[in-house]
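Take a look at the letters that make up each chain.
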Amino acid sequence: MRVCGDVSSRSSSSCAPGSSVSSLPVGCAGPASMLRSPVTSRRISRGFGYSPAPPPPPPNKKGLAKPADAARKPGARFDVRVRAMHSELDARYRDMIRDRTKRVDILGKGKVGYLRLPDMERTGYSEFWRHFPREVRKGALVVDLRGNLGGHISELLLAKLAQRPLAWDVPRRGSPTVYPSHASGSVVALVDENTGSDAELAAEAFRRLGLGRVVGARTWGGLLTTSDSFKLVDGSEVSMPQQAVAMPPAGGVDSEIAVAMPPEIANGIENRGVVPDVEVANAPHDYADDADPQLDAAVREALALLAADPPARFDDSRTTDEDEARAAAAERAHVGPGGSRWPFKTYAPYPEDGDEDEEEVPERFPERERRKKLPKGAKGKR
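No experiment lies behind these values; they were computed from the predicted model shown.

Calculation criteria
Residues numbered from 1 in each chain as written. Predicted model: local features only at pLDDT ≥ 70, side-chain atom pairs only at ≥ 80, totals over all residues. Heavy atoms only, no water. Helix = DSSP H or I, 4+ residues; strand = E, 2+ residues; numbered from the N terminus. Buried < 20%, exposed > 50% of the residue type's maximum accessible area, 1.4 Å probe, protein only. Areas by Shrake-Rupley, 256 points an atom, 1.4 Å probe, with all protein chains shown as cover. Expected span 1.5 Å × (residues − 1). Arc of directions from axis to C-beta. Contact = heavy atoms within 4.5 Å. Salt bridge = Lys/Arg side-chain N within 4 Å of Asp/Glu carboxyl O. Right-handed = clockwise from strand over helix to strand, strands pointing away. Polar contact = N/O pair within 3.5 Å; in protein donor to acceptor, adjacent residues only side chain to side chain. Axes fitted to C-alpha atoms, helices over the stretch in contact; angles between N-to-C directions. Parallel < 35°, antiparallel > 145°, perpendicular 65-115°, else oblique. Left-handed = near helix turned anticlockwise from the far one by under 90°. Nonpolar A, V, L, I, M, F, W, Y, C, P; charged D, E, K, R; others polar. pLDDT = per-residue confidence, 0-100. Pairing = 2+ DSSP bridges. Phe/Tyr/Trp six-rings, centres within 6.5 Å; stacked < 30°, edge-to-face > 60°.

We now examine the overall build of the protein chain. Looking only at helices and strands, the protein chain features nine helices and 13 strands. Scored against the burial criterion, the 382 residues of the protein chain give a buried share of 28%. Summed over its atoms, the accessible surface of the protein chain is roughly 27200 Å², and 54% of this surface lies on carbon and sulfur atoms.

Here helix α1 (residues 89–107) is 19 residues long and its end C-alpha atoms lie 27 Å apart, about the 27 Å a rise of 1.5 Å per residue gives. Among all positions of α1, only Y93, I97, R100, T101 and V104 are buried. Along the axis of α1, the buried positions cluster into a sector of 100°, meaning they face one direction only. Away from the buried face of α1 by more than 90 degrees, exposed residues R92, R98, K102 and I106 are located. If you follow the buried residues of α1, they end up packed against β3 (112–116), α2 (122–135), β4 (140–144) and α7 (293–308).

Quick look at the pattern of salt bridges now. Within this structure, the stated rule accounts for 16 salt bridges. Note that D99 and R98 form a salt bridge whose closest N and O atoms lie 3.6 Å from each other. With a relative accessible area of 40%, D99 lands in the partly exposed category. Classification of R98 by relative accessible area gives exposed; the value is 55%. A salt bridge links E135 to R134; the shortest N-O distance between them is 3.2 Å. Each of the salt bridges in this network shares a partner with another, and the network as a whole consists of R100, R116, D144, R146 and D292.

Among the five residues that make up β3, five are buried, leaving the element largely enclosed by the rest of the structure. Going residue by residue along β3, you find V112, Y114 and R116 tucked away on one face and G113 and L115 tucked away on the opposite face as well. Since β3 and β4 lie parallel, the crossover through α2 that links them has a hand, and here it is right-handed.

Looking now at the side chain of D198. Along the chain, D198 turns up in helix α4 (residues 198–208). A distance of 3.3 Å separates a polar atom in the side chain of D198 from the backbone nitrogen of I153. Ignoring anything within four residues of it in the chain, the contact list for D198 reads M120, G150, G151, H152, I153 and S154.

This part is about the packing of α1 against α7. Taken N-terminus to C-terminus, the directions of α1 and α7 make an angle of 45°; their axes are 10 Å apart at the nearest point. Judged by the angle between their axes, α1 and α7 are oblique. Classified by chirality, the crossing of α7 by α1 is right-handed. Residues R100, R103, V104 and L107 of α1 form the contact with α7, whose own contacting residues are L295, D296, V299 and L303. Per-class residue counts for the contact of α1 with α7 are five nonpolar, no polar and three charged.

Looking now at the confidence of the model for the protein chain. Across the protein chain, the average pLDDT comes to 76, with 62% of residues at 70 or higher. Note that pLDDT drops below 50 for residues 1–50; the model gives that stretch 70 contacts with residues more than four away or on any other chain.

If you walk across this open sheet you meet the five strands as β3-β4-β7-β8-β13, and the pairing is parallel. The open sheet has two free edges, formed respectively by β3 and β13 (278–279), since each of these has just one partner strand. Examined bridge by bridge, β3 and β4 share five bridges and lie parallel to one another. Bridge pairing in β4 places L115 opposite V143. The sheet contacts of α1 involve β3 and β4, and relative to β3 the element is tilted by about 160°. Lying over the sheet, α4 contacts β7 (187–191) and β8 (212–216), oriented at roughly 140° with respect to β8.

This brings us to the packing of aromatic side chains. Per the stated rule, a full pass over the model turns up three aromatic pairs. The interplanar angle of 90° and the centroid separation of 5.3 Å between the aromatic rings of F128 and W129 together place this pair among those described as edge-to-face. Residue classification places F128 among the buried positions, given a relative accessible area of 1%. Ring plane angle 15° and centroid distance 4.6 Å describe the contact between F128 and F132, whose orientation is recorded as stacked. Of this pair, F128 and F132 both sit in helix α2, four residues apart, which is roughly one turn of that helix. Linked through ring pairs, F128, W129 and F132 together constitute an aromatic cluster.

So this is what it looks like as structure tokens:
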């Protein structure tokens, strides 16, 4: 790609400063038919304004090439190779996650983490383990299920979110780690009208298990699994139901229901959705103002749950000096067998200096070793 440095380096045509050959209008650097876009073609036609790349800079006295920036003087021309992305969706998604994580961290004063699940399939599972181990250490956690159209991994995520701290592994040196690993504290699920299928089932199970509160708007309302769509001759499509979800009332699974489900299979979510505990809607002007009332309300709920039920933490208030003082006092108070200060019995006493028997190494060639010990000039028996 040829880049014009300034006005003095332009050709006689109406080329603008900083423009490139691949995107110039007609009449800027030759006919438009001679130019090709770097997105649709890997090369540019050698038309008007084309020149080969300049030779590399000569080496200096030490034989090393000069940096490329040394040849870029004001008014000079240089070649730039640009590699275009096939899509900017991933880059914009990462930027959105970074901004939301920073927003939650500021509103939650470093005590609330943010976890976004785009779906309940491979991408959602990888995103869960990409951010969950780091964000769960903050105390509370906001699980964003907005726009999640479902999948089949909700039970894997719920099994991990349902774990609570039970113990700590305390090493001799280093920080203690919680057991089970990455056990979470207070959790808030964030849903909207685009949350559907397995994500809805996760939100309902989230509330029934008592993991936390559900914040946002009523979900889509579709747990029924359908087959692939089939096209008809008139251009329309048709699909058939393949799997339904039978969910007992919110009171729990009754033994009679577990033995024989009623003829009508219902779950209370189909065609109705999951009604959140705290309903908050995002207005159209909130997107224009870069505001997110649903996320802000989820952070407030997480802080309220955190204040009502603080997570269990390991008491590391003991200092090294106190530990050493306790160890010294215990050593002075205990006198073991034989005057030993070890608080345990040994199976054998430690050997004294000089009492160790030298290990005898068997001779592999006794005749050869005997000859070496004979005095100089003596002849040994062969």
